[in-house]
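Here is how the chains run, residue by residue.
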Amino acid sequence: MPNEPTLGGLLRSQGVSRRAFLKFCSTTASLMALPAGIAPAMAEALSSARRPSVIWLSFQECTGCTEALTRSSAPSIESLMFNFISLDYHHTLQAASGDAAEHAREQAQHDNAGKYLVLVDGSIPLDEHCSTVAGISNLAMLKEACAHAAAVINIGTCSAYGGIPMAKPNPTRAVAVGDIIKDKPIVNVPGCPPMPLAITGVIAQYLTLGRLPELDHLGRPVAFFGENIHDRCYRRPFYDRGEFAETFDDEGARKGWCLYKLGCKAPIAYNACAHIKWNNGVSFPIQSGHGCIGCSEPRFWDMGGIYDSVAKGNFGDGAKLGAAAMAGAAVGAGAAVLARRKKTRVAEEMHGSE
Amino acid sequence: MSIANATTTAPAAATAAATPIFPSFEQVYQGLAGQIGMLRQMAPKPTKTDEKRLQGAIDTLIEETNADEAVWLESCIHCGQCTNACHYFQATGEAKYAPMRKMDLYRRVYQLEISPMRWWHRLIMKPVKLQDFADASELIYDSCSECGRCTMVCPMGIDTASLVHHMRSAMVAAELVPPELAALRMEQKQMGTVFGSSPEALKKLVETIREQAGVEIPLDKDQAEVMVLSSAVDLVANGNGLLATAKIMNHLGIDWTLRSDGFESANFGLLSGDMSLWKQQADPIIAAAQKVGAKTLVIAECGHAYPALRWNPMVSGGELPFEMMYMSEFLGKQAKAGKLHLTPFEGKVTFHDPCKTGRRGGAFDEPRAVLAEMDADLVEMPANKEYNWCCGGGAGIFLLEDATRLRDESFKIKMREVNESGAESVVVSCASCRLNFESGRQKNHWDKKVHSLVELVADHLIDDPASLPSSNRQAAGEAQGARP
Amino acid sequence: MSLLEFARGPAIHAALIIMAAGIALRLIGVLVLTRGADLSRPRDAFGNFKGYRTVFSRAWPSGEFTTTTRYQTVVAYLFHIATLLVVLGIVPHIEFITSLTGLSWPALPNFLGVALGTLALASLLALIGRRLAKPAVYNSTLGDYVTWVIVALPLLTGLMAFAHVGPRYETMLALHILSSALLFAYMPFSKLMHAFWFIFSRAQSGLAYAHKGVRI
Ligand code: SF4
Ligand code: SF4
Ligand code: SF4
Ligand code: SF4
């Protein structure tokens, strides 16, 4: 496809200055912990990068991830870059539909075998009838699409870890991509939704350096998910002093105290929200007064109520303990009664024989 | 029995008024020591099979364990505090004498037989063997005088002494009582005597006292306000004890009696741990006191007799028409009531509370009131009253040859305490303490004097009949004895 | 299931149930045993009641023993008080207790939590140090050492988690909850039951001695 536009061309046509683009590159480079001097080279490489073949599969999902990426008020470099790469197949965004769309996907898979990327949002139901696209079950489509892929990038917690569809009682028997695809490199970019910069950062690195980023034990790029939100939270001094908001409209909440008691899961959540923030760095949930729900963590839906603090176990209430104590007391009383009987018997035997 | 004869006949050679009728306590101690040495050969041999002995020991513990004992056994946290209190540990520094070790075997039996977790313990613990009891003998007898001092420091308040006492009961069933105690237990169980202290020996002694000291002892009266007990030590060795008692009673003009059907304070049931013998010994005394209509039963200066009678858990004290008192208690009450007038006592003196009447008996003030009556310069030992250090010879340990080292070493603590008090003499009110003090005094060439409270009082009576002409002496004694 | 989920879920679940049942079993199984009777006449008719004083008075050693027991007493007190304050005083613990019981109370500032936790751990070290240094005094058993480790672990992991040092917080938190679960489950079957026994044990002795007119 000789007439394919380059990313640079696309950005220029959208009125993005070279200066802004360089800034994007250096931000990405620094976030991804690449050497600082790489930014111009990265800009160079990205500007002239050919549109990579990307197949975006959407399964059991809410489209929030795509929305997060594309619905920023002023089109960001991230969204533009995303537009640039995602043209081969995307249910939501592509113009083609029906057979034509599926054909495009098959064509891309065929033409770029071994080179294309598969991006997935949404989880895959093992009860295959629960979600199909063009009559093809999600499971079948995933397997087919991944067969000749270079790598898989999971966009959002659903494809990365199962997400909401997998939450108890998991009616569709949803699983994550990694549960099915075992033989391809997989990068998880979780979040509900994930941070746009994390998505593009991974892609940018792949495009420029030709390799996938370093991952943590949950398959997430360390560059974006290596930091604990709580460690980066600007409310942390209040936490350390033990100053907590007790409700969403109390004195503490107004003063911007720590949201731990209101269920903030940041102490066990790893994401870049606290330092990159959302909406072009405007804010992030904690700054807006709501605790982190730990959306970038596996099974976050099932880890206790959103407004239950991290410390609360998933115990329900103490009634069980009462019941356990009653049972224990009953056994104890039984043991004591038996001991008393034995004592009486022993006493009779001893004094009877005397 | 031989000693009884020796001591009661000895004074015949010394009839002169100035010469003591009875041997000095120093001689008493030496005579008794020889006698005790012979006990070991007289010890009965086990009669039951090993299985029966073991089962008996375990059954005894099962029978004697109530919630109190169970809680104590459950409570120990191995904090080691009790080692600070126990004279046997302090004297030796040896781990095995640490008080908490003395309940280990009991706890094992408890865990296997009674604890609510017994089924679990049976899975993980080895069964108890007879040898375990044999090995525990040193802890149960030799190195625990059941003094209760460790309870005073234990943060859990564990009453180790009573746990050890239950273990002694088990040892009786296991036929593992140390030979000395076993011999005396057998004697008392079968013949009702201790060292041959029979009613006949009592009559003889009473006779001797009347004839040679001219002091009348109203033996076997049908009715009396006060019934007084004697003890084997008095009967077989230290006639001065009974003599002093009689002098005081007569001096006070009390309507008292000594009963040949219930006079023995010593109770080798309590000391060995034989509950049935304990009761067998206590019952006739209680019966005799009721028979004579006594208002007061005075227990001779024999420490363990106090718990054996006064605090006997099997004797329903609330229903008895009389009060039981230890000799020191009786004397103290008389002094407090202003009835006892005594000549002054010279020099600094300290009082040693026998464990059984002090910490484990509660008679603290009375002996001190007696000393106050003598205007004595009473100085207390650094640890006194509830905190008094045991002399090391209590609970029968004085009799045990195997415990000699423990006894002697721990007595040094007592000497240190007395020395620190600055006293020149020690008053004790327990024959066993006194013997042990005497032993320690002789072995260490200690320069302190040791007095018995009752003998001291007798020596300090004002208007002592001894100052009267000898012809009146007897009459005075009789007159006082007969006063209602 | 991640370690943290396991800890916060089944592990702590099972541990608390074992603890509740175990404590009830052991307490009732002992307290319902026969009661011995002392028929002898008490020294003073209402004197026995005074024996209950011992439950409180034994909280501190009597003058006679202050010197000899000073180290153990002071350090043990430091340990108990610091531990109690940490257990009941810091926000995560209160949150946990609230989730079980609905009760809540004001928390200590976090720096105090760290300080108290450190103090508790330091005093625990001081106690084991002495235990090791004086074997004859303590006559330690395997149970004593196991108990020490099981008590020390939640303190150590809790301190690390609370102060956000060491491995990632969720790992530390999971380890802390797991070690606490171990402590809860072990508690009823160990000498840690003294948390309950001390009342009964002291009262019994207090009564027995008060019966004879002795104040212990
Ligand atoms: S608001 Fe959340 S992230 Fe911020 S300090 Fe509090 S607990 Fe930590
Ligand atoms: S703050 Fe927490 S819940 Fe919110 S987006 Fe970030 S990781 Fe997800
Ligand atoms: S009762 Fe006395 S002799 Fe026995 S262990 Fe306690 S302190 Fe030692
Ligand atoms: S002081 Fe009490 S709790 Fe401590 S070791 Fe001794 S008996 Fe056990």
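Counting restarts for each chain, with residues numbered from 1 along the sequence as it is written. The order in which chains are written sets their letters, starting at A; the order in which ligands are written sets their numbers, starting at 1. For this predicted model, a pLDDT threshold of at least 70 governs which residues receive local features, and a threshold of 80 or more governs which side-chain atom pairs are given and counted, while totals over whole chains, interfaces and linings are taken from all residues. The side-chain numbers reported here are obtained from all heavy atoms of the structure, hydrogens and water having been left aside.

Trainee: What is the right way to read the overall build of chain B from this model?
Mentor: Secondary structure elements follow DSSP: runs of H or I no shorter than four residues count as helices, runs of E no shorter than two count as strands, and numbering proceeds from the N terminus. When helices and strands are counted, chain B shows 23 helices and eight strands. Every radius of gyration here is taken over C-alpha atoms, with the globule rule written as 2.2 Å times N^0.38, N being the number of residues. Computed over C-alpha atoms, the radius of gyration of chain B comes to 22 Å, within 12% of the 23 Å expected from 2.2 N^0.38 for 484 residues, which places it in the range of a compact globule. In terms of overall dimensions, chain B has C-alpha extents of about 80 × 45 × 40 Å along its principal axes. Per-residue accessibility, obtained with a 1.4 Å probe over protein chains only, is compared with the maximum for each type, and a residue is labelled buried under 20%, exposed over 50%, and partly exposed between these values. Each of the 484 residues in chain B was classed as buried or not, and the buried ones make up 67%. Residues count as neighbours in contact if any of their non-hydrogen atoms are within 4.5 Å of one another. In chain B, the proportion of contacts linking residues at least 24 apart, taken out of those at least 6 apart, comes to 82%. Accessible surface area values rest on a Shrake-Rupley calculation with a 1.4 Å probe, where residue burial reflects the displayed protein chains alone. Summed over all atoms, the accessible surface of chain B reaches about 16,400 Å², with 52% contributed by carbon and sulfur. His residues and chain termini do not enter the charge count, which takes Lys and Arg as positive and Asp and Glu as negative. Here the site of a charge means atom NZ of a Lys, CZ of an Arg, CG of an Asp or CD of a Glu. Both charge centroids of chain B, one from 49 positive and one from 61 negative side chains, sit 4 Å from each other.

Trainee: Even after reading the chapter, I still don't get the site of ligand 3, so can you show me in this structure?
Mentor: Neighbouring residues of ligand 3: B:Cys86, B:His87, B:Tyr88, B:Pro99, B:Lys102, B:Cys144, B:Ser145, B:Glu146, B:Cys147, B:Gly148, B:Cys150 and B:Ala161. Taken together, the residues of the shell around ligand 3 break down into seven nonpolar, three polar and two charged. Near residues are defined by distance, with any heavy atom within 4 Å of the molecule or strand qualifying the residue. Note that Gly is not counted as nonpolar here; it falls among the polar residues with everything else outside the nonpolar set of Ala, Val, Leu, Ile, Met, Phe, Trp, Tyr, Cys and Pro and the charged set of Asp, Glu, Lys and Arg.

Trainee: Would you take a moment to explain the site of ligand 1 for this structure?
Mentor: Taken together, A:His230, A:Cys233, A:Arg235, A:Arg236, A:Tyr239, A:Cys258, A:Leu259, A:Tyr260, A:Cys264, A:Ala266 and A:Ile286 make up the full set of residues near ligand 1. Among the residues forming the shell around ligand 1, the class breakdown is eight nonpolar, one polar and two charged.

Trainee: Is there a simple way to think about the confidence of the model for chain B in this case?
Mentor: Reading fine detail from the predicted coordinates is not recommended where pLDDT is low. All names here are of chain B. Confidence of the predictor at the level of single residues is given by pLDDT, which spans 0 to 100. Averaged over all residues, the pLDDT of chain B equals 88, while 92% of them reach at least 70. Taken as a whole, residues 465-484 scores under 50 in pLDDT and shows 20 contacts with residues more than four places along the chain or in a different chain. The ipTM assigned to the predicted complex is 0.95, against a pTM of 0.87.

Trainee: For this particular structure, what's the right way to read the domain arrangement of chain B?
Mentor: By a widespread convention, an interface's size corresponds to the accessible area lost as its parts come together. Residues and elements named next belong to chain B. Per the annotation, domain bounds derive from an automatic or database assignment of domains. For chain B, the assigned domains are domain 1 (21-38 + 192-335) and domain 2 (50-174). Placing a centre on the C-alpha atoms of domain 1 and another on those of domain 2 gives a separation of 32 Å. Counting residues at the interface gives seven residues for domain 1 and six residues for domain 2. What counts as buried area is the accessible surface, traced by a 1.4 Å probe, that two parts surrender upon association, with contributions from both included. Across the domain 1 to domain 2 interface the summed buried area is about 460 Å²; carbon plus sulfur atoms make up 55%. Its largest share of buried area at the contact with domain 2, domain 1 owes to Ser 272, Gly 273 and Met 275, together 61% of the area lost on that side. In what follows, salt bridge is the name for a side-chain nitrogen of Lys or Arg lying within 4 Å of a carboxyl oxygen of Asp or Glu. At the surface where domain 1 touches domain 2, the tally comes to zero salt bridges.

Trainee: Help me understand the sheet that holds strand S2 (residues 256-258) of chain B, please; the structure alone is not making it clear to me.
Mentor: Within a sheet, adjacent strands bond to each other through the backbone by hydrogen bonds, running parallel or antiparallel. Residues and elements named next belong to chain B. The sheet built from four strands is open, its strands ordered S2-S1-S3-S4 with parallel pairing. The open sheet has two edge strands with one neighbour each: S2 and strand S4 (323-326). Neighbour to neighbour, the strand axes of the sheet diverge by 25° on average, direction disregarded. Alignment of strand S1 (residues 226-228) against strand S3 (residues 296-299), held across three bridges, turns out to be parallel. Of the residues in S3, the one forming a bridge with Val 226 is Thr 296. For helices, the axis comes from a line fit to the C-alpha atoms of the stretch in contact; other axes are also lines fit to C-alpha atoms, and the angle between any two N-to-C directions lies between 0 and 180 degrees. Relative to S2, helix H14 (residues 239-252) is tilted by about 160°, and along the sheet it contacts S1, S2 and S3. Set on the sheet, helix H18 (residues 327-336) makes contact with S1, S3 and S4; between it and S4 the angle comes to about 100°. Note on pairing: DSSP must find at least two bridges between two strands before they are called paired.

Trainee: How do you make sense of the interface of chain C and chain B when you look at a structure like this?
Mentor: Taken residue by residue, the interface counts 48 residues in chain C and 65 residues in chain B. At the junction of chain C with chain B, the criterion picks out four salt bridges. Note that C:Arg43 and B:Glu329 form a salt bridge whose closest N and O atoms lie 2.9 Å from each other. Listed by contribution, the elements that provide at least two residues to the side of chain C that touches chain B are helix H1 (3-31), helix H3 (63-89), helix H6 (135-138) and helix H9 (194-211) of chain C. Looking at the side of chain C that touches chain B, the element that brings in the most residues is H9(C), giving 10 residues. A class-by-class count of the residues in the side of chain C that touches chain B yields 18 nonpolar, 17 polar and 13 charged.

Trainee: How do you make sense of the packing of helix H4 (residues 67-75) of chain B against helix H10 (residues 160-173) of chain B when you look at a structure like this?
Mentor: For any two helices packed against each other, one specifies the crossing angle of their axes together with the interaxial distance. Residue and element names in this part refer to chain B. Contact geometry of H4 with H10 gives a least axis separation of 10 Å together with a crossing angle of 115°. As far as their axial angle goes, H10 and H4 are roughly perpendicular. Helix-helix and strand crossings are classified by hand; for H4 and H10 the assignment is left-handed. Contact with H4, carried on its side by Glu 69, Trp 72 and Leu 73, involves Ser 162, Leu 163 and His 166 of H10 and no other residues of that element. Split into classes, the residues belonging to the contact of H4 with H10 amount to three nonpolar, two polar and one charged. Each angle gets one of four labels, with under 35 degrees taken as roughly parallel, over 145 as roughly antiparallel, 65 to 115 as roughly perpendicular, and the rest as oblique. Should the near helix be turned counterclockwise from the far one by less than a right angle, the crossing is left-handed, whereas a clockwise turn marks it as right-handed.

Trainee: I would appreciate a short explanation of the interface of chain A and chain B in the present structure.
Mentor: With nine residues of chain A at the contact, the number on the chain B side is 13 residues. Summing both sides of the interface, chain A and chain B together bury roughly 950 Å²; the carbon and sulfur share of this comes to 58%. At the junction of chain A with chain B, the criterion picks out one salt bridge. Note that A:Lys342 and B:Glu113 form a salt bridge whose closest N and O atoms lie 2.8 Å from each other. Polar contacts, as counted here, are pairs of nitrogen or oxygen atoms within 3.5 Å of one another; within protein the pair requires one atom able to donate a hydrogen and one able to accept it, and residues that are adjacent in sequence qualify only if both atoms are side-chain atoms. Between the two partners, chain A and chain B, sit five residue pairs in polar contact (both at pLDDT 80 or more). Partitioned by chemical class, the residues of the side of chain A that touches chain B number six nonpolar, one polar and two charged.

Trainee: Teacher, can you tell me more about unusual backbone geometry here?
Mentor: For residues that are not glycine, phi is negative in most cases, and the peptide bond is trans in most cases. Geometrically, the link from A:Lys168 to A:Pro169 is a cis peptide bond, its omega value of 5° lying close to zero. Position of A:Pro169 among the secondary structure elements: in the loop between helix H9 (163-166) and strand S8 (174-175). Along the chain, A:Cys192 connects to A:Pro193 via a cis peptide bond; the corresponding omega equals 5°. Its location among the elements puts A:Pro193 in the loop between strand S9 (186-189) and helix H10 (196-209). Its identity as a non-glycine residue notwithstanding, B:His78 has a phi of 55°, on the positive side. One non-glycine residue, B:Ala395, adopts positive backbone phi at about 55°. Within the secondary structure, B:Ala395 sits in the loop between strand S6 (377-378) and helix H20 (404-421). Look at B:Ala395 and you get buried, because its relative accessible area is 8%.

Trainee: Help me understand the sheet that holds strand S5 (residues 348-352) of chain B in this model?
Mentor: Residue and element names in this part refer to chain B. Strands sit in the order S6-S5-S7-S8 across an open sheet of four strands; the sheet is parallel. Each edge of the open sheet is held by one strand with a lone partner, namely S6 and strand S8 (449-452). For strand S7 (residues 425-428) and S8, the ladder comprises four bridges, and the chain directions are parallel. Among the inter-strand pairings, Val 428 is bridged to a residue of S8, identified as Ser 452. Sitting on the sheet, helix H21 (residues 431-444) touches S5, S7 and S8, and the angle it makes with S8 is about 165°.

Trainee: It is not clear to me how helix H16 (residues 275-291) of chain B should be interpreted in this structure. Could you clarify?
Mentor: Every α-helical turn comprises 3.6 residues, leaving residues that sit three or four positions apart pointing alike. How far a helix is expected to stretch is found by multiplying one less than its residue total by 1.5 Å. For H16(B), built from 17 residues, the straight-helix expectation of 24 Å at 1.5 Å per residue is met to within 8% by its first-to-last C-alpha distance of 24 Å. One or two positions beyond H16(B), positive phi appears at B:Gly293, with a value near 65°.

Trainee: What exactly am I supposed to notice about the pattern of salt bridges here?
Mentor: Side chains that carry opposite charge are capable of pairing whenever their charged atoms lie near each other. Scanning the model with the defined rule gives 52 salt bridges over all chains in all. A salt bridge links C:Arg35 to B:Asp68; the nearest nitrogen and oxygen atoms lie 3.4 Å apart. Placement of C:Arg35 in the loop between H1 and helix H2 (53-57) and of B:Asp68 in helix H4 is noted, with the two residues assigned to different chains. Each of B:Arg40, B:Glu180, B:Glu401 and B:Asp402 takes part in salt bridges that share partners, so that together they form one network.

Trainee: Please clarify how the domain arrangement of chain A should be interpreted in this entry.
Mentor: You can read the domains of chain A as domain 1 (7-225), domain 2 (229-302) and domain 3 (322-354). One C-alpha centre belongs to domain 2 of chain A, the other to domain 3 of chain A; they are set 56 Å apart.

Trainee: Looking at this structure, how should I read the state of the cysteines?
Mentor: Disulfide: a covalent bond connecting the sulfur atoms of a pair of cysteines. Disulfides are defined as pairs of cysteine sulfur atoms found within 2.5 Å of each other. One pass over the full model with this rule turns up zero disulfides over all chains. No disulfide involves A:Cys146; its nearest neighbouring cysteine sulfur is the one of A:Cys158, lying 17 Å away.

Trainee: Even after reading the chapter, I still don't get the environment of B:His166, so can you show me in this structure?
Mentor: Secondary-structure assignment places B:His166 in helix H10. Residues B:His166 and B:Glu69, 97 residues apart in the sequence, show an inter-C-alpha distance of 9.2 Å.

Trainee: Whenever I open this one, the side chain of B:Ser75 confuses me. Can you help?
Mentor: Note that B:Ser75 resides in helix H4. We classify B:Ser75 as buried; its relative accessible area is 0%. Discounting chain neighbours no more than four positions away, the residues touching B:Ser75 are B:Met156, B:Ile158, C:His194, C:Trp197 and C:Ser201.

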